[in-house]
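# Coordinates in review
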Amino acid sequence: MKPTTWSPRRLDALNESQIEGLTDLLIDCVEGGASVSFMHPLTRDRAVAFWQRVAQAVAAGQRVLLVAEDAQGICGTVQLIFDLPENQPHRADLAKMLVHRRVRRRGLATALLGAAETVARECGKTLLVLDAVTGGDAARLYERLRWVRVGDIPGYALMPRGSLCSTTFFYRDLCA
Ligand SMILES: CC(C)(COP(=O)(O)OP(=O)(O)OC[C@H]1O[C@@H](n2cnc3c(N)ncnc32)[C@H](O)[C@@H]1OP(=O)(O)O)[C@@H](O)C(=O)NCCC(=O)NCCS
């Protein structure tokens, strides 16, 4: 596959068309079997409601939202969650790394992760934490990009079609 240069950008506010694009992306990932908090089938109403809540959190400074686009619109996204207990001001959770099936395996998640780490540093964060399905495409990505694997919790969540899956927790020390 030809290498693609991606330019992830931060959205400080979401308009209706961006919410629609993010909704299409989330539905595509769940349709493809990704365990990203939602059960299959993910209705458009539930997906839109999720992104509207994200939009409110972004507007309130509780989350950072990054997106990447191709000719068809938003095709990748990731979030940094800053809304954490007051004794954890130095860290963020990284969540909802989503890449549309039409552009996978072209380095987009790698670019989104790099951009998220840069923004986290700019915001004064020194520690990032995330979880991913054990042994899945995402876990392989984080290990390749030198996130530290903490351990697995068997039976942590349900896959979109109902089977239990193990989850692996990772962290990234941004000072290392
Ligand atoms: C996991 C996910 C985010 C990865 O996105 P992606 O954009 O395909 O990731 P990348 O392209 O950066 O890397 C994926 C693979 O493509 C390879 N790759 C990257 N650029 C490439 C290129 N130009 N040519 C060939 N291969 C390439 C990478 O080496 C990597 O290989 P590996 O899986 O064998 O280790 C994506 O599969 C996804 O959205 N899944 C569903 C949602 C999900 O599970 N999210 C994670 C929540 S924790």
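In case you missed it, the structure is sitting above this.
Note that the structure is predicted; figures quoted are calculated from it, not measured.

### Topic: the overall build of the protein chain
Of the regular secondary structure elements, the protein chain holds four helices and seven strands. Secondary structure elements of the protein chain, listed N to C terminal, follow the sequence β-α-α-β-β-β-α-β-α-β-β. Relative to its length of 176 residues, the protein chain is compact, with a C-alpha radius of gyration of 15 Å against a globular reference of 16 Å. Along the first, second and third principal axes, the C-alpha set of the protein chain runs to 40 × 40 × 35 Å. Looking at the protein chain as a whole, 43% of its 176 residues qualify as buried. The long-range fraction of contacts in the protein chain, counting pairs at least 24 apart against all pairs at least 6 apart in sequence, stands at 60%. Looking at charge distribution, the protein chain has the averaged site of its 22 positive side-chain charges lying 5 Å from that of its 19 negative ones.

### Focus on helix 2 (residues 44-59)
Over its 16 residues, helix 2 runs 22 Å from end to end, which matches the ideal 22 Å to within 8%, given 1.5 Å per residue. Those residues of helix 2 that fall on the buried side of the exposure criterion are Ala47, Val48, Phe50, Trp51, Val54, Ala55, Ala57 and Val58. Of the residues one or two after helix 2, Gly61 is the one with positive phi, at around 75 degrees.

### Thoughts on the site of the ligand
The ligand sits among 22 residues. The nearest are Met97, Val99, Arg105, Gly107 and Thr110. Side-chain polar atom of Thr110 to an oxygen atom of the ligand: 2.5 Å apart, as the coordinates give it. Bound to the protein, the ligand loses 77% of the 950 Å² it would expose on its own. Broken down by secondary-structure element, the contributors of at least two residues to the shell around the ligand are strand 4 (91-99), helix 3 (108-122), strand 5 (127-133) and helix 4 (137-144). Sort the elements by how many residues they give to the shell around the ligand and helix 4 lands first, with six residues. For the shell around the ligand, a count of residues per class yields 13 nonpolar, two polar and seven charged.

### Points about the packing of helix 1 (residues 16-31) against helix 2
The N-to-C vectors of helix 1 and helix 2 enclose an angle of 125 degrees; their axes lie 9 Å apart at closest approach. Judged on the interaxial angle alone, helix 2 and helix 1 are oblique. As helix 1 runs across helix 2, the sense of the crossing is right-handed. Taking contact as the criterion, the partners of Ile19, Glu20, Leu22, Thr23, Asp24, Leu26 and Ile27 in helix 1 are, on helix 2, Arg44, Ala47, Val48, Phe50, Trp51, Gln52 and Ala55. Taken together, the residues of the contact of helix 1 with helix 2 break down into nine nonpolar, two polar and three charged.

### Description of the sheet that holds strand 3 (residues 73-81)
The strand order 1-2-3-4-5-7-6 describes an open sheet built from seven strands, whose pairing is mixed. This sheet does not close on itself; its edge strands, each paired only once, are strand 1 (9-11) and strand 6 (148-158). Pairwise comparison of adjacent strand axes, ignoring direction, gives a mean angle of 30 degrees for this sheet. Relative to strand 3, strand 2 (residues 63-70) runs antiparallel, the two being bridged by eight bridges. Note on strand 3: the bridge partner recorded for Val67 is Thr77.

Parameters at a glance
Per chain, residues are indexed from 1 in the order of the written sequence. Per-residue local features of the predicted model are confined to residues with pLDDT of at least 70, and side-chain atom pairs are confined, for both listing and counting, to 80 or more; whole-chain, interface and lining totals are unaffected and use all residues. Each side-chain value is worked out from all heavy atoms of the structure, with water and hydrogens disregarded. Elements are defined by DSSP. Helices are runs of H or I of four residues or more, strands are runs of E of two residues or more, and each kind is numbered from the N terminus. C-alpha atoms define the radius of gyration, and 2.2 Å times the number of residues to the power 0.38 defines the globule rule. Exposure categories follow from relative accessible area, calculated using a 1.4 Å probe and restricted to protein chains: below 20% of the type maximum is buried, above 50% is exposed, and the middle band is partly exposed. When checking whether two residues touch, look at their non-hydrogen atoms; a contact exists if any pair is within 4.5 Å. His residues and chain termini do not enter the charge count, which takes Lys and Arg as positive and Asp and Glu as negative. To locate a charge, take NZ of a lysine, CZ of an arginine, CG of an aspartate or CD of a glutamate. The length a helix should cover is 1.5 Å for every residue beyond the first. Put simply, a residue is near a molecule or strand once any heavy atom of it comes within 4 Å of that molecule or strand. Any pair of N or O atoms that falls within 3.5 Å is considered a polar contact. Within protein, one atom must be able to donate a hydrogen and the other to accept it, and sequence-neighbouring residues count only if both atoms are side-chain atoms. Residue exposure ignores everything except the shown protein chains as possible cover, and the areas themselves are Shrake-Rupley values with a 1.4 Å probe. Gly counts as polar in this scheme, as do all residues outside two lists: the nonpolar Ala, Val, Leu, Ile, Met, Phe, Trp, Tyr, Cys and Pro, and the charged Asp, Glu, Lys and Arg. To get an axis, fit a line to the C-alpha atoms, keeping to the stretch in contact for a helix; angles then go from 0 to 180 degrees between the N-to-C directions. Our angle categories are set so that under 35 degrees counts as roughly parallel, over 145 as roughly antiparallel, 65 to 115 as roughly perpendicular, and the remainder as oblique. For any pair of crossing helices, the crossing counts as left-handed if the nearer helix is rotated counterclockwise from the farther one by less than a right angle, and right-handed if it is rotated clockwise. Between any two strands, pairing holds if DSSP finds at least two bridges.

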